[in-house]
Amino acid sequence: MSKKTKNISDGIRKLFELQSKLNHLSQDFDSKELDDLSFSMNQELKNLEFWFKSLYMYNGKSTSKAKKNSSRENGKKGGRPPKEISQLRKRREEIQNEIIPDLENKKSLSMDFVERQIIAQKIQTSEEELECINAKLQSKNYK
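Worth saying up front: this structure is predicted, and the values here are computed from it rather than measured.

The rules behind each value
Residues numbered from 1 in each chain as written. Predicted model: local features only at pLDDT ≥ 70, side-chain atom pairs only at ≥ 80, totals over all residues. Heavy atoms only, no water. Helix = DSSP H or I, 4+ residues; strand = E, 2+ residues; numbered from the N terminus. Rg over C-alpha atoms; globule rule 2.2 N^0.38 Å. Buried < 20%, exposed > 50% of the residue type's maximum accessible area, 1.4 Å probe, protein only. Contact = heavy atoms within 4.5 Å. Areas by Shrake-Rupley, 256 points an atom, 1.4 Å probe, with all protein chains shown as cover. Lys, Arg positive; Asp, Glu negative; His and termini not counted. Charge placed at Lys NZ, Arg CZ, Asp CG, Glu CD. Patch = residues over 30% accessible without salt bridge, like charges linked within 9 Å, V, L, I, M, F, W, Y side chains within 5 Å. Salt bridge = Lys/Arg side-chain N within 4 Å of Asp/Glu carboxyl O. Core = buried A, V, L, I, M, F, W, Y, C linked by side-chain atoms within 4.5 Å. Expected span 1.5 Å × (residues − 1). Polar contact = N/O pair within 3.5 Å; in protein donor to acceptor, adjacent residues only side chain to side chain.

**Q** Explanation requested: the overall build of the chain in the structure shown.
**A** In terms of regular secondary structure, the chain is built from five helices and zero strands. Starting at the N terminus and walking to the C terminus, you meet the elements of the chain as α-α-α-α-α. In summary, the chain has a C-alpha radius of gyration of 31 Å against a globular reference of 15 Å for 143 residues, an excess of more than 25%. By its C-alpha atoms, the chain is 95 × 45 × 25 Å across when sized along the principal axes. Every one of the 143 residues in the chain was classed for burial, and the buried ones make up 16%. In the chain, 62% of the contacts between residues at least 6 apart in sequence involve partners at least 24 apart. Summing over all exposed atoms, the chain offers an accessible surface of approximately 11,800 Å²; the carbon and sulfur share of this is 54%. The chain carries 29 positive and 22 negative side-chain charges, and their two centres are separated by 7 Å.

Right, here's the structure in full:
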């Protein structure tokens, strides 16, 4: 629930509480005007609650032409991939585009022989992980 939605919902709840207190007060007094006010307030609160719920009932149901077209294209490819596949692809991109280039850059800038060996080992480990990810994606028929 968004902050705005929560605030509106809390406001409606507080109005219902106030209306309930007004009902109790109107029982103590024998005023027709107070009863009418309490009844009108109750009706307006119910009306507000109805419109609030109906407003949020339709969120996310509107579709644009672009959304429809992309959905059709994804359907031709077999639909949305499983979460595991998406995570593997994300990790593959991270290794290819960030980790390995960063390590190679550090290796080329390093003057210390031991540090270069450690970085080379990290590069090899990253490349092995990358091969493992590619093998998993191929075994599941995803690229």
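**Q** Help me understand a nonpolar patch on the surface, please; the structure alone is not making it clear to me.
**A** Taken together, the side chains of I8, L55 and Y56 define a hydrophobic patch exposed on the protein surface, amounting to about 260 Å² of accessible area. In this structure I8 comes out as partly exposed when scored by relative accessible area, which is 39%.

**Q** Sorry, what's going on with the nonpolar core here?
**A** Side chains that are nonpolar tend, in soluble globular proteins, to be buried together. Counting residues in hydrophobic clusters, the biggest one holds seven residues: I85, L88, I95, I100, L130, I133 and L137. Listing elements by their share of this core, those giving two or more residues are helix 4 (83–109) and helix 5 (113–139). The leading source of residues in this core is helix 4, at four residues. If we skip the residues at most four places from it in the chain, L88 touches I133, K136 and L137.

**Q** Can you help me understand helix 3 (residues 65–76) in this one?
**A** Because an α-helix completes one turn every 3.6 residues, residues spaced three or four positions apart along the sequence face the same direction. Between its first and last C-alpha, helix 3 extends 17 Å over twelve residues, near the 16 Å set by a 1.5 Å rise per residue. With its phi angle positive at about 105°, G78 sits one or two positions after the end of helix 3.

**Q** In this structure, what is going on with the environment of R13? I would like to understand it.
**A** Tracing the sequence through the fold places R13 in helix 1 (residues 3–28). Spatially, the C-alpha atoms of R13 and S38 are 16 Å apart, while their sequence positions differ by 25 residues.

**Q** What exactly am I supposed to notice about the pattern of salt bridges here?
**A** Charged atoms that come close allow side chains of opposite charge to pair. With the rule as written, the count across this model stands at four salt bridges. Close ionic contact of R91 with E94 constitutes a salt bridge, the shortest N to O distance being 3.0 Å. With R91 and E94 both in helix 4, this residue pair falls three residues apart, about one helical turn. Note on R91: relative accessible area 28%, which makes it partly exposed. Its relative accessible area of 31% is what places E94 among the partly exposed residues. Of the charged contacts, one joins R91 and E129 as a salt bridge, the two residues approaching to 2.8 Å between their closest N and O atoms. Of this pair, R91 sits in helix 4 while E129 sits in helix 5, placing them 38 residues apart in sequence.

**Q** Mind showing me how you'd approach the side chain of S110 here?
**A** Tracing the sequence through the fold places S110 in the loop between helix 4 and helix 5. S110 sits in the buried class, given a relative accessible area of 7%. Side-chain polar atoms of S110 contact the side chain of E115, separated by 3.4 Å. In this structure S110 touches E115 and R116, once residues within four positions along its chain are discounted.

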